[in-house]
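# A closer look at the structure
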Amino acid sequence: MRSRDFDALRAQLADDVVLNSPITAAFQFRGADEIVELLQTVRDAYETLDYTDVFGSGDTWVQVFRVRVRGQDMEAIDLMRLNQDGKVREFTVFFRPLAGLAALTAALAPEVAPTRGRAAVARALTRPLELMTRSGDRVVARLTGRG
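Not measured: the values here are computed from a predicted model. (Residues numbered from 1 in each chain as written. Predicted model: local features only at pLDDT ≥ 70, side-chain atom pairs only at ≥ 80, totals over all residues. Heavy atoms only, no water.)

### Focus on the environment of aspartate 85
With respect to the helices, strands and loops of the structure, aspartate 85 is situated in the loop between β5 (72-82) and β6 (88-96). The class of aspartate 85 is exposed, set by a relative accessible area of 62%. Sequence separation between aspartate 85 and glutamine 12 is 73 residues, and the spatial gap between their C-alpha atoms is 9.9 Å. (Helix = DSSP H or I, 4+ residues; strand = E, 2+ residues; numbered from the N terminus. Buried < 20%, exposed > 50% of the residue type's maximum accessible area, 1.4 Å probe, protein only.)

See below:
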């Protein structure tokens, strides 16, 4: 991901890999080709990307990373489960804080919507969430005396 070498990334994925979205449980991305296409879009949304840790054993591995999307800094993990050939068969992504996830959602939703009409709806639904969580994050920090 860091070097944008999507052919090398594709080689690490099982053909029937499943990616569990960090944004919604309503759907999954399936198949290496679909997931590589999605990851290209995700990588384009990242202003920065730094990996900090990788750990695991057997068929379960985690990589920890930091990204910035639309000026929002986030921490994230990829939880990966491998098949018997050592290729990723299941991939689940987690992000924090909520304001960062909302920024990522607003950046990606119009890009992954299949038509312009749906992209406009996705933009209309996600942009207010991004704005509310970004401003709400600062307000809550001040109200608790931690900001």
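### Topic: the sheet that holds strand β4 (residues 60-69)
Overall, mixed pairing links the 6 strands, which are arranged β2-β1-β6-β5-β4-β3 in an open sheet. Where the open sheet ends on each side, the last strands, each with one partner, are β2 (28-30) and β3 (48-57). On average, each strand axis in the sheet is tilted by 20 degrees relative to the strand beside it, whichever way the strands run. Direction of pairing for strand β1 (residues 13-20) relative to β2: antiparallel, over a ladder of 3 bridges. Bridging across to β2, asparagine 20 finds its partner in glutamine 28. The strands touched by helix α3 (residues 98-112) within the sheet are β4, β5 and β6, with β5 carrying the most contacts at an inclination of about 80 degrees. (Pairing = 2+ DSSP bridges. Axes fitted to C-alpha atoms, helices over the stretch in contact; angles between N-to-C directions. Contact = heavy atoms within 4.5 Å.)

### Topic: the side chain of asparagine 20
Structurally, the position occupied by asparagine 20 is in strand β1. Among the polar contacts made by the side chain of asparagine 20, one reaches the side chain of glutamine 28 at a distance of 2.6 Å. At 2.8 Å, the side chain of asparagine 20 and the side chain of threonine 92 are in polar contact. Setting aside residues up to four positions removed in sequence, asparagine 20 forms contacts with Gln28, Glu90, Phe91, Thr92 and Val93. (Polar contact = N/O pair within 3.5 Å; in protein donor to acceptor, adjacent residues only side chain to side chain.)

### Concerning the packing of aromatic side chains
We describe a pair of aromatic rings using the distance from one ring centre to the other and the angle between the two ring planes. In the structure shown here, the tally under the stated rule is 3 aromatic pairs. Relative to phenylalanine 65, the ring of tyrosine 46 has its centre 6.5 Å away and its plane inclined at 45 degrees; by these criteria the two rings are tilted. In this pair, tyrosine 46 is assigned in the loop between α2 (32-45) and β3 and phenylalanine 65 in strand β4, connecting sequence segments 19 residues apart. Taking relative accessible area as the criterion, tyrosine 46 reaches 7% and is therefore assigned buried. Each ring, one from phenylalanine 65 and one from phenylalanine 95, has its centre 6.0 Å from the other, and the planes form 90 degrees; the classification is edge-to-face. (Phe/Tyr/Trp six-rings, centres within 6.5 Å; stacked < 30°, edge-to-face > 60°.)

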